[in-house]
Amino acid sequence: MCKIITIFTFLAVSAFQLIGSCFAQTKYVVFDQDILTDSLDEHLLCKRTYAEIESDSTNFPNLTIYDFLFKKSIITDDSNQKVFQNFISFERDGKNLPVDILVTITPLTRSKFEVKNISKAIVNNDIKLISSDSLLRTAAKYIFYATYAPLGIFSETPLLNLKRTDYKIVIKRKNEYFLVDNETLTESYFIGKGNIEPYRINAAGIYPQSRNFSKQSYLSTERLNMLKGGILKDTTLYLNNQGRTIVIDRFWINEPYIPFTKSAGLNKGNDWYAVEGIGDFEFY
C-alpha cells in the first residue's frame, strides 16, 4: 500500500489501553481509496487520507490509520452562541455543520491483520455499509456532548462515545471491497478555532491556532495541574517543500479522562468513561 500524506498522523497510540465498550451490532464504514474527496452536499466535503505507522518491533505489525475529515466548503467565523445553535440544528436535520470534524479509524492487532474480500457479500446486500453522513452525524452528537456537558446544560448525564470499537473499516479498491476484520478503534475530534482555554476540559478539540504549551516545560516543572485542557499544542514546525511552507503542529495529551460523563461500558454504566491518551501526534 502506498503511503499518502495524512491530515492527522499519530506518533504514538495507546489504543490497547482502552476501557471496553459493548455495542449491539458492528457497523461497517467504507474507505474509498480511489476517490479520496467527495461532497456530502453543496456545502460539506469529506476528505479521506490514510497513513501507515511503522512498528519499532519485529514482533508488532505496522498500523494504518484511516482519516475522515469533514469540512465546511464555506469558511465562517461563528460566535460561540452560533456554534452551539448549529450543533442543535445539525443534530436535528444534518444542516449547518458547526465545526470541522475528524474521525479516525484504526484497525488493531498484536499479530496480523485479517483482511477478507467481501465484494460478493456487498453485492448480495449481506453486509450493509453505513454512509459518510451517518458517520459524521454520530461523531457530531458525541462531540456536542463532550463540549457542553461540563457546562451543566443537560438534564441528564449523557453517554459519551468519543472512542468506540463497534465500527470496522472496509477498504474499497477498484470496485472490490476488503474488510479488515480485527478489533478497530474509532475516535472523533473537532478542529477548533483560536486559542484553547487551558482551564476548560477539552476531550475532543484540536486547536491548531492555539498558543504553545511546551510538554517538556510543564512536565519538568510539575505544572500539569495548571493545564487541565486535554489536547494541547506543544510546538509548531515549518518545513520547506520546494518553496512551499508546510506547517505541522505537534500536540500532547494532559487530561486522561472526563469525570463528568458515563459510558456504555462493560460495567453496566457504573464505570466512568476513560478517554485514554492518544499519545503525542502531529496535525497538518
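Scoring rules and cut-offs
- Residues numbered from 1 in each chain as written.
- Predicted model: local features only at pLDDT ≥ 70, side-chain atom pairs only at ≥ 80, totals over all residues.
- Heavy atoms only, no water.
- Helix = DSSP H or I, 4+ residues; strand = E, 2+ residues; numbered from the N terminus.
- Axes fitted to C-alpha atoms, helices over the stretch in contact; angles between N-to-C directions.
- Parallel < 35°, antiparallel > 145°, perpendicular 65-115°, else oblique.
- Left-handed = near helix turned anticlockwise from the far one by under 90°.
- Contact = heavy atoms within 4.5 Å.
- Nonpolar A, V, L, I, M, F, W, Y, C, P; charged D, E, K, R; others polar.
- Pairing = 2+ DSSP bridges.
- Core = buried A, V, L, I, M, F, W, Y, C linked by side-chain atoms within 4.5 Å.
- Buried < 20%, exposed > 50% of the residue type's maximum accessible area, 1.4 Å probe, protein only.
- Phe/Tyr/Trp six-rings, centres within 6.5 Å; stacked < 30°, edge-to-face > 60°.
- Expected span 1.5 Å × (residues − 1).
- pLDDT = per-residue confidence, 0-100.

### With respect to unusual backbone geometry
Turning to step 1, where the next piece is worked out: Positive phi, normally seen in glycine, also occurs at N96, with a value near 65 degrees.
Turning to step 2, where the next piece is worked out: As for its position among the elements, N96 is in the loop between α1 (80-93) and β6 (100-107).
Turning to step 3, where the next piece is worked out: Despite not being glycine, N175 shows a phi value in the positive range, around 65 degrees.
Turning to step 4, where the next piece is worked out: If you trace the backbone, N175 turns up in the loop between β10 (167-173) and β11 (176-180).

### Some points on the packing of α1 against helix α3 (residues 132-148)
For any two helices packed against each other, one specifies the inter-axial angle together with the distance between the axes.
Turning to step 1, where the next piece is worked out: With their axes 10 Å apart at the nearest point, α1 and α3 run at an angle of 140 degrees to one another. For the element pair α1 / α3, the angle class is oblique. Between α1 and α3 lies a crossing whose hand is left-handed. Of the residues in α3, those touching α1 at N80, V83, F84, F87, I88, F90, E91, R92 and D93 are L136, R137, A140, K141, I143, F144, Y145 and Y148.
Turning to step 2, where the next piece is worked out: Of the residues belonging to the contact of α1 with α3, the class tally is eleven nonpolar, one polar and five charged.

### Focus: the pairing of strand β2 (residues 27-32)
Regular strands place their side chains on alternate faces of the sheet.
Turning to step 1, where the next piece is worked out: With six bridges joining them, β2 and β10 adopt parallel strand pairing. Opposite D32, over in β10, you have K172 as the bridge partner.
Turning to step 2, where the next piece is worked out: Pairing of β2 with strand β8 (residues 129-130), which is carried by two bridges, proceeds in the parallel orientation. Within the sheet, the bridge partner assigned to V29 lies in β8 and is I130.

### Considering the nonpolar core
Turning to step 1, where the next piece is worked out: The biggest cluster of nonpolar side chains holds 41 residues, and the ones touching the most others in it are F68, I101, V103 and L135.
Turning to step 2, where the next piece is worked out: When contributions to this core are tallied by element, the ones reaching two or more residues are β2, β4 (44-53), β5 (63-72), α1, β6, α3 and β10.
Turning to step 3, where the next piece is worked out: At ten residues, the largest contribution of residues to this core is made by α3.
Turning to step 4, where the next piece is worked out: The contacts of L135, once residues within four sequence positions are left out, are V29, F68, F70, V103, I130 and Y167.
Turning to step 5, where the next piece is worked out: Counting nine residues, the second-largest nonpolar core is a separate cluster that includes L69, L102, I231 and F251.

### Points about the sheet that holds β11
Sheet strands pair via backbone hydrogen bonds, and the direction of the pair is either parallel or antiparallel.
Turning to step 1, where the next piece is worked out: An order of β7-β11-β10-β2-β8 is seen for the five strands of this open sheet, with the pairing classed as mixed. Looking at strand neighbours, the two that pair on one side only are β7 (115-117) and β8, the edges of this open sheet.

### Examining the packing of aromatic side chains
Turning to step 1, where the next piece is worked out: Counted according to the given criterion, the structure contains 14 aromatic pairs.
Turning to step 2, where the next piece is worked out: Aromatic pair Y145 and F154: ring centres 5.5 Å apart, planes at 85 degrees, arrangement edge-to-face.
Turning to step 3, where the next piece is worked out: On the basis of relative accessibility, which here comes to 19%, the residue Y145 falls in the buried class.
Turning to step 4, where the next piece is worked out: In this structure F154 comes out as partly exposed when scored by relative accessible area, which is 26%.
Turning to step 5, where the next piece is worked out: The rings of F84, F87, Y142, F144, Y145, Y148 and F154 are connected pair by pair, giving a single aromatic cluster.

### Focus: α3
Because the α-helix completes a turn every 3.6 residues, residues three or four places apart line up on one side.
Turning to step 1, where the next piece is worked out: The end-to-end C-alpha separation of α3 is 24 Å, in line with the 24 Å expected for 17 residues at 1.5 Å each.
Turning to step 2, where the next piece is worked out: Among the residues making up α3, those that are buried are L135, L136, T138, A139, A140, Y142, I143, F144, Y145, A146, T147 and Y148.

### Overview of α1
Turning to step 1, where the next piece is worked out: Compared with the 20 Å implied by 1.5 Å per residue over 14 residues, the 20 Å span of α1 between its first and last C-alpha is a close match.
Turning to step 2, where the next piece is worked out: For α1, the set of buried residues is V83, N86, F87, S89 and F90.
Turning to step 3, where the next piece is worked out: Residues of α1 that are buried make contact with α3.
Turning to step 4, where the next piece is worked out: Two residues or fewer after α1 comes G94, characterised by a positive phi angle close to 75 degrees.

### Description of the confidence of the model for the chain
Turning to step 1, where the next piece is worked out: With 75% of its residues at a pLDDT of at least 70, the chain reaches an overall mean of 77.
Turning to step 2, where the next piece is worked out: Element-level pLDDT for the chain is lowest in strand β1 (residues 8-10), with a mean of 39, against a maximum mean of 97 in β11.
Turning to step 3, where the next piece is worked out: Overall, residues 1-24 carries pLDDT values under 50, and its contacts beyond four positions in sequence, including any with other chains, amount to 83 contacts.
Turning to step 4, where the next piece is worked out: Note that residues 256-278 has pLDDT below 50 and, in this model, 74 contacts with residues that lie over four places away or in other chains.

### Notes on the pairing of strand β15 (residues 244-253)
Turning to step 1, where the next piece is worked out: As paired elements, strand β14 (residues 231-241) and β15 share ten bridges and run antiparallel to each other. Each residue of the ladder has a partner; that of T235, found in β15, is R250.
Turning to step 2, where the next piece is worked out: The antiparallel hairpin formed by β14 and β15 contains two residues in its connecting segment, where Q242 sits at a positive phi of about 55 degrees.
Turning to step 3, where the next piece is worked out: Pairing of β15 with strand β16 (residues 281-283), which is carried by three bridges, proceeds in the antiparallel orientation. Its bridge partner being in β16, D249 is matched across the sheet by F283.

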